[in-house]
Amino acid sequence: MTLPKLLAKAQIAFNRWIRERDRELPCICCGSYNTSQAGHYYSQGHHSALRFNEVNVNLCCLRCNCFLHGNLIKYREGILKRYGQQKLDLLDSAARNRVKKWTKGELEAIIREY
């Protein structure tokens, strides 16, 4: 399987896991229970290293994730409330390493794990 196809398959598996993990929780940004999106605080396009970070990805409503472009101020408040300052600081620190070239082995492991 090609690297792009593995990446897509890993993202599908991971996002499905996020939706299952957060199924009882409201949108991390606005508190709505009309959720369906696995939204990234640090975008996967600009922060590929955080694409599969469990603190960075949470259940969001369509409005916050798509129409409000992540609703990032409220998203940050939601991360702080849900995970605490220490995990938020670790996430911010990890965001400094923006680019990650995922290997086939890493993606296969993500698919198996999630």
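Rules and cut-offs
Along each chain, numbering runs from 1 in the same order as the chain's sequence is written. It should be noted that, the model being predicted, local features are given only for residues of pLDDT at least 70 and side-chain atom pairs only at 80 or more, the latter also being counted only at that level, while totals for whole chains, interfaces and linings use all residues. With hydrogens and water stripped out, all remaining heavy atoms of the structure feed into the side-chain values. Put simply, DSSP marks the helices as runs of H or I at least four residues long and the strands as runs of E at least two long, and each gets a number from the N terminus on. Counting of polar contacts relies on pairs of N or O atoms within 3.5 Å, with two restrictions inside protein: one atom must be capable of donating a hydrogen and the other of accepting it, and residues adjacent in sequence are counted only when both atoms are side-chain atoms. Residue contacts are defined here by distance: any two heavy atoms, one from each residue, within 4.5 Å place the two residues in contact. A 1.4 Å probe rolled over the protein chains alone gives each residue an accessible area, and that area as a share of the maximum for its type sets the label: buried under 20%, exposed over 50%, partly exposed in between. Should DSSP find at least two bridges between two strands, the strands are taken to pair. Detection works on a 1 Å grid of protein atoms alone, calling trapped sets that fit a 1.4 Å probe cavities and calling open sets with protein on both sides within 12 Å along at least five of seven lines pockets, with lining residues defined by an atom within 4 Å of a point. Grid points are joined across faces, edges and corners, and a volume is the space filled by probe spheres set on the points. Only Asp, Glu, Lys and Arg are considered charged, only Ala, Val, Leu, Ile, Met, Phe, Trp, Tyr, Cys and Pro nonpolar, and every remaining residue, Gly among them, polar. Buried Ala, Val, Leu, Ile, Met, Phe, Trp, Tyr and Cys residues that are joined via side-chain atoms within 4.5 Å together make up what is termed a nonpolar core. Directions are taken from the helix axis to each C-beta atom, and the arc is the one they span. Only rings of Phe, Tyr and Trp enter the pairing, Trp through its six-membered ring, and a pair is recorded when the two centres are within 6.5 Å. The plane angle decides the type: under 30 degrees is stacked, over 60 is edge-to-face, the rest tilted. Charges are assigned to positions over rings by a cutoff of 6 Å between ring centre and Lys NZ or Arg CZ, combined with an angular limit of 35 degrees from the ring normal.

## Focus on the side chain of Asn 56
Then step 1. Examined against the element boundaries, Asn 56 turns out to sit in the loop between β1 (35-40) and β2 (57-61).
Then step 2. In terms of polar contacts, Asn 56 uses its side chain to reach the backbone carbonyl oxygen of Leu 50, at 3.1 Å.
Then step 3. Setting aside residues no more than four positions away along its own chain, Asn 56 makes contact with Gly 39, His 40, Tyr 41, Tyr 42, Leu 50, Tyr 75 and Leu 91.

## Brief notes about the pairing of β2
Then step 1. Taken across its 5 residues, β2 has 5 buried, putting it largely inside the fold.
Then step 2. Taken together, the 5 bridges between β1 and β2 define a ladder with antiparallel strand orientation. The residue bridging Gln 37 from the neighbouring strand is Cys 60, located in β2.

## What to know about the side chain of Gln 11
Then step 1. Looking at the element boundaries, Gln 11 is found in helix α1 (residues 3-21).
Then step 2. Since its relative accessible area comes to 8%, Gln 11 is described here as buried.
Then step 3. Ignoring anything within four residues of it in the chain, the contact list for Gln 11 reads His 40, Gln 44, Arg 51 and Phe 52.

## Re the layout of surface pockets
Then step 1. Looking at the largest pocket, its volume works out to about 150 Å³.
Then step 2. If you go around the largest pocket, the residues you meet are Pro 26, Cys 27, Ile 28, Cys 29, Cys 30, Gly 31, Lys 74, Glu 77, Gly 78, Lys 81 and Arg 82.
Then step 3. Among the residues making up the lining of the largest pocket, the classes are represented as 5 nonpolar, 2 polar and 4 charged.

## Topic: the nonpolar core
Then step 1. Of all hydrophobic cores here, the largest spans 15 residues; its most connected members are Cys 29, Tyr 75, Ile 79 and Leu 91.
Then step 2. Elements with a contribution of two residues or more to this core: β2, α3 (72-83) and α4 (85-94).
Then step 3. When neighbours within four sequence positions are excluded, Leu 91 is seen to be in contact with Tyr 41, Tyr 42, Leu 50, Asn 53, Val 55, Asn 56 and Ile 79.
Then step 4. Core analysis: the next-biggest nonpolar cluster, separate from the first, contains 10 residues, Leu 6, Ile 18, Leu 107 and Ile 110 among them.

## A short note on α4
Then step 1. Of the residues making up α4, those classed as buried are Leu 88, Leu 91 and Asp 92. The buried residues of α4 occupy an angular sector of 100 degrees when the element is viewed end-on, so they sit on one face. Along α4, the residues that are exposed and aim more than 90 degrees away from the buried face are Gln 86 and Leu 90.
Then step 2. The inward-facing, buried residues of α4 contact α3.

## Some details on the packing of aromatic side chains
Then step 1. Per the stated rule, a full pass over the model turns up 7 aromatic pairs.
Then step 2. Measuring from ring centre to ring centre gives 4.9 Å for Phe 14 and Tyr 114, while their planes differ by 90 degrees; the resulting arrangement is edge-to-face. Of this pair, Phe 14 sits in helix α1 while Tyr 114 sits in the segment after α5 (104-113), placing them 100 residues apart in sequence.
Then step 3. Residue classification places Phe 14 among the buried positions, given a relative accessible area of 0%.
Then step 4. Between Trp 17 and Tyr 114, the ring centres sit 5.1 Å apart and the planes meet at 70 degrees, which makes this aromatic pair edge-to-face. Of this pair, Trp 17 sits in helix α1 while Tyr 114 sits in the segment after α5; the two residues are 97 residues apart in sequence, bridging distant segments of the chain.
Then step 5. The exposure class assigned to Trp 17 is partly exposed, which follows from its relative accessible area of 27%.
Then step 6. Connected via pairs of aromatic rings, a cluster forms that spans Phe 14, Trp 17, Phe 52, Trp 102 and Tyr 114.
Then step 7. One cation-aromatic arrangement involves Lys 100 over Trp 102; the distance from NZ or CZ to the ring centre is 4.9 Å.

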